[in-house]
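Coordinate inspection notes
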Amino acid sequence: MKIIYGVFGIVVIIGILAYFGFVNVDLSPKQKFKERLSQLDEQFDLTKKNFENGLLNEANYKEKLEELLNKQNELYSEVKKYPWSDSEISDYNQWFRGIMKFPSKIEQEYQKHLG
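Residues numbered from 1 in each chain as written. Predicted model: local features only at pLDDT ≥ 70, side-chain atom pairs only at ≥ 80, totals over all residues. Heavy atoms only, no water.

1. With respect to the packing of helix H2 (residues 29-52) against helix H4 (residues 89-99)
- Across the interface, H2 lies against H4 with an axial gap of 11 Å and an inter-helix angle of 35°. Judged by the sense of rotation from one axis to the other, the crossing of H2 with H4 is left-handed. Two secondary-structure elements touch here, H2 through Lys 30, Phe 33, Lys 34 and Leu 37 and H4 through Asp 91, Gln 94, Trp 95 and Ile 99.
- Residues that form the contact of H2 with H4 fall into these classes: four nonpolar, one polar and three charged. (Axes fitted to C-alpha atoms, helices over the stretch in contact; angles between N-to-C directions. Helix = DSSP H or I, 4+ residues; strand = E, 2+ residues; numbered from the N terminus. Left-handed = near helix turned anticlockwise from the far one by under 90°. Contact = heavy atoms within 4.5 Å. Nonpolar A, V, L, I, M, F, W, Y, C, P; charged D, E, K, R; others polar.)

As structure tokens, then:
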């Protein structure tokens, strides 16, 4: 019986630690930016796949692209407002001279279906 209580106690403790995020790593803003960009890319890829497979019509596809563009613009706005330090110059360059300088996959696809 003691074994059952011991196993049950361990399971409860593990569950509590997992629930409250014992290993909760707080990402820096620039890491959060990259994570959000990655999520946008994943959402775009799924949306495009659904459109290509006939699960979305043209109007719904444009609407989803507009939603993704709005989220992307919000992200870009936050990136522009972020106070970049001298030690973050390579990250700054990646965003300002790379990612935000050229049209994204979302923007390209939206322009393709706009007219």
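After that view of the structure, there is still more to cover.
2. Let's talk about the pattern of salt bridges
- Taken as a whole and judged by the stated rule, the model has six salt bridges.
- Asp 91 is paired through a salt bridge with Lys 30; the nearest N and O atoms lie 3.0 Å apart. In this pair, Asp 91 sits in helix H4 while Lys 30 sits in helix H2, placing the two residues 61 residues apart along the sequence.
- Between Asp 91 and Lys 34 there is a salt bridge, with the nearest N and O atoms lying 3.3 Å from each other. Highlighted residues: Asp 91 in helix H4 and Lys 34 in helix H2, separated in sequence by 57 residues.
- Using a relative accessible area of 12% as the deciding quantity, one classes Asp 91 as buried.
- Exposure remark for Lys 34: the relative accessible area of 37% places this residue in the partly exposed category. (Salt bridge = Lys/Arg side-chain N within 4 Å of Asp/Glu carboxyl O. Buried < 20%, exposed > 50% of the residue type's maximum accessible area, 1.4 Å probe, protein only.)

3. A word on the side chain of Glu 88
- Along the chain, Glu 88 falls in the loop between helix H3 (58-81) and H4.
- Beyond its immediate chain neighbours, meaning those up to four positions away, Glu 88 contacts Lys 30, Tyr 82 and Pro 83.

4. Description of H3
- With 24 residues, H3 ought to run about 34 Å at 1.5 Å a step, and its terminal C-alpha atoms sit 35 Å apart, in line with that.
- Among all positions in H3, only Tyr 61, Leu 65, Leu 68, Leu 69, Gln 72, Leu 75, Tyr 76 and Val 79 are buried.
- On the buried face of H3, the contacting elements are H2, H4 and helix H5 (105-114).
- Capping of H3 at its N-terminal end is provided by Asn 57; its side-chain oxygen lies 3.2 Å from the backbone amide nitrogen of Ala 59. (Expected span 1.5 Å × (residues − 1). Polar contact = N/O pair within 3.5 Å; in protein donor to acceptor, adjacent residues only side chain to side chain.)

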